[in-house]
Amino acid sequence: MDGFAGGPTAEPKVCLTIGSSDSSGGAGIQGDIKALASIGCHAATALVGITAQNTRGVVSRHTVPVPAVRAQIDAVLDDLAVDAVKVGTLWSAELVADLAARLADLAVPLVADPVMVTAAGSRLYSDDAVEAFVAELLPLAAVITPNLPEARLLARRPDEDDPVRLCAELARLGASAVVITGGGREVVCDWLFDGHRDYRFRSTPSSAAATHGAGCAHSALITGLLARGDSVVEAVSRAGELAAEGVGRGLVGIGSGESPVDLLDLRRRADALSRPRRPIHRSRPTDRRGHIAEGT
Ligand SMILES: Nc1ncnc2c1ncn2[C@@H]1O[C@H](COP(=O)(O)OP(=O)(O)OP(=O)(O)O)[C@@H](O)[C@H]1O
Ligand SMILES: Cc1ncc(CO)c(N)n1
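For the structure given in this document, a descriptive report is provided here. All values derive from a computational prediction rather than experimental measurement.

### A few points about the environment of Gly257
By secondary structure assignment, the location of Gly257 is in the loop between helix 8 (232–248) and helix 9 (266–274). On a C-alpha basis, the gap between Gly257 and Leu166 in space is 30 Å, while along the polypeptide they are 91 residues apart.

### What about the site of ligand 1?
Inspection of the region around ligand 1 gives 22 residues, with Asn147, Thr181, Gly183, Asp190 and Ser206 positioned closest. Within the side chain of Asp190, one N or O atom sits 2.5 Å away from an oxygen atom of ligand 1. One of the backbone nitrogen or oxygen atoms of Gly215 is found 3.1 Å away from an oxygen atom of ligand 1. For ligand 1, whose free accessible area comes to 620 Å², the fraction covered by protein is 94%. Elements with a minimum of two residues in the shell around ligand 1: strand 8 (188–193), helix 7 (214–227) and helix 8. Here the shell around ligand 1 gets 4 residues from one element, more than from any other, and that element is helix 8. The residue inventory of the shell around ligand 1, partitioned by class, reads 8 nonpolar, 13 polar and 1 charged.

### Digging into the pattern of salt bridges
The tally for this structure, following the rule as stated, stands at 12 salt bridges. A salt bridge links Asp74 to Arg102, with the shortest nitrogen-to-oxygen separation between them at 2.5 Å. Residue Asp74 is found in helix 2 (residues 66–79), and its partner Arg102 is found in helix 3 (residues 93–103); the two are separated by 28 residues along the sequence. Judged by its relative accessible area of 23%, Asp74 is partly exposed. We note a salt bridge from Arg268 to Asp265, for which the minimum N-O separation is 3.4 Å. Classification of Arg268 by relative accessible area gives partly exposed; the value is 45%. Looking at Asp265, the relative accessible area reads 23%, which means it is partly exposed. The network of salt bridges with shared partners includes Arg157, Glu169 and Arg172.

### Considering the packing of helix 5 (residues 148–155) against helix 6 (residues 163–172)
Contact geometry for helix 5 and helix 6: axes closest at 10 Å, N-to-C directions at 45 degrees. The orientation of helix 5 with respect to helix 6, classified from their angle, is oblique. In terms of crossing hand, the pair formed by helix 5 and helix 6 is left-handed. The segment helix 5 lies against helix 6, with Leu148, Ala151, Arg152, Leu154 and Ala155 engaging Pro163, Leu166, Glu169 and Leu170. Of the residues belonging to the contact of helix 5 with helix 6, the class tally is 7 nonpolar, no polar and 2 charged.

### What about the nonpolar core?
With 51 residues, the main nonpolar core has Leu16, Ile18, Leu99, Phe133, Ile144 and Leu170 as its most contacted residues. Residues in contact with Leu99, not counting those within four places in the same chain, are Ile18, Val69, Ile73 and Val87.

### Concerning the packing of helix 7 against helix 8
Between two packed helices, the angle of one axis relative to the other and the distance separating the axes together describe the packing. The contact between helix 7 and helix 8 brings their axes to 8 Å, and the two run at 140 degrees. Taken together, the axis directions place helix 7 and helix 8 in an arrangement best described as oblique. Here helix 7 runs over helix 8; the crossing is right-handed. On the side of helix 7, the interface is formed by Ala214, His218, Leu221, Ile222, Leu225 and Leu226, while helix 8 contributes Val232, Ala235, Val236, Arg238, Ala239, Gly240, Leu242, Ala243 and Val247. When its residues are assigned to classes, the contact of helix 7 with helix 8 shows 12 nonpolar, 2 polar and 1 charged.

### A few points about the site of ligand 2
Taken together, the neighbourhood of ligand 2 is formed by Ser20, Ser21, Ala27, Gly28, Thr51, Gln53, Thr89, Val115, Thr118, Leu124 and Cys216. At the level of secondary structure, the elements contributing two or more residues to the shell around ligand 2 comprise strand 1 (13–22) and strand 2 (41–54).

### Considering helix 2
Relative to the 20 Å expected for 14 residues at 1.5 Å per residue, helix 2 spans 20 Å between its end C-alpha atoms, a close match to the ideal helical length. Those residues of helix 2 not exposed but buried are Val66, Val69, Ile73 and Val76. Projected down its long axis, helix 2 shows its buried positions confined to an angular sector of 100 degrees, all on one face. Residues of helix 2 that are exposed and point more than 90 degrees away from the buried face comprise Pro67, Asp78 and Asp79. The elements touched by buried residues of helix 2 are strand 1, strand 2 and helix 3.

Reading the values: rules and limits
Residues numbered from 1 in each chain as written. Chains lettered and ligands numbered in written order. Predicted model: local features only at pLDDT ≥ 70, side-chain atom pairs only at ≥ 80, totals over all residues. Heavy atoms only, no water. Helix = DSSP H or I, 4+ residues; strand = E, 2+ residues; numbered from the N terminus. Near = heavy atom within 4 Å. Polar contact = N/O pair within 3.5 Å; in protein donor to acceptor, adjacent residues only side chain to side chain. Areas by Shrake-Rupley, 256 points an atom, 1.4 Å probe, with all protein chains shown as cover. Nonpolar A, V, L, I, M, F, W, Y, C, P; charged D, E, K, R; others polar. Salt bridge = Lys/Arg side-chain N within 4 Å of Asp/Glu carboxyl O. Buried < 20%, exposed > 50% of the residue type's maximum accessible area, 1.4 Å probe, protein only. Axes fitted to C-alpha atoms, helices over the stretch in contact; angles between N-to-C directions. Parallel < 35°, antiparallel > 145°, perpendicular 65-115°, else oblique. Left-handed = near helix turned anticlockwise from the far one by under 90°. Contact = heavy atoms within 4.5 Å. Core = buried A, V, L, I, M, F, W, Y, C linked by side-chain atoms within 4.5 Å. Expected span 1.5 Å × (residues − 1). Arc of directions from axis to C-beta.

Shown next, in the form of structure tokens:
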């Protein structure tokens, strides 16, 4: 059972994710939708870019015009009661400035994942977008979630190896809370500064080469968990565990490069559907879904 025996007790929260399409379906907006669904959240989306991408890297990228991004965000915020917002790929300073202007008065948590380089090593930002992010979006965010190379770029500390010092520097630049993710084959450790204390969350590293989308899933999970009312520390801790599980059961075999994480446990779902169905005994004829046919 999935815990619905007595009927659902909580309504799904609504999260808006602002980011780019990944044609291979593992990261970006597609990854966010799956990660949010895995924790019972409804994902609304605003596309800022389109990548032609597979598990080996980004082949080409196209930006969505800033007014078209703004129109998507307005359409969602004007109608849906959004409980938290995530921002991913940065693309350009013009986009970052417009997002900051639109999101400045947001009354719900904003999670900013400054995606600059993908797991396969492809670059997804312009230099002026980094400066604009630090000046305009970073101060608005409840949490920022760079990985170690991204944290060095944002903090302008190219030689700093200590995540705790990088968290402190990003907090000094105005971030309310900073998570530096440290996925890897040998050690997996995320560092958090929540504005008060430093924390370290270790996960068991999965040797499976299925980390495509791990960072997007992690920040989307934090967004959904904040929407559900978790504190920053709780959300970061649980998101790290769930992301690590997603890597552990990642879809090795899909794509020849860095295969996608799996937050939705697709193998279990595929397996459940391929088992023979039990016959339905009813006195009246049923349709293919087992519904009793009308008028009989
Ligand atoms: N090999 C691994 N084993 C277990 N968990 C992992 C592994 N790699 C990453 N993770 C998990 O995924 C989360 C995201 O970490 P990672 O450092 O890979 O993000 P990222 O570099 O921003 O990813 P991306 O390039 O997809 O944006 C981490 O919190 C960690 O828990
Ligand atoms: C579109 C997109 N966003 C984010 C990432 C991060 O891995 C990616 N690979 N592609």
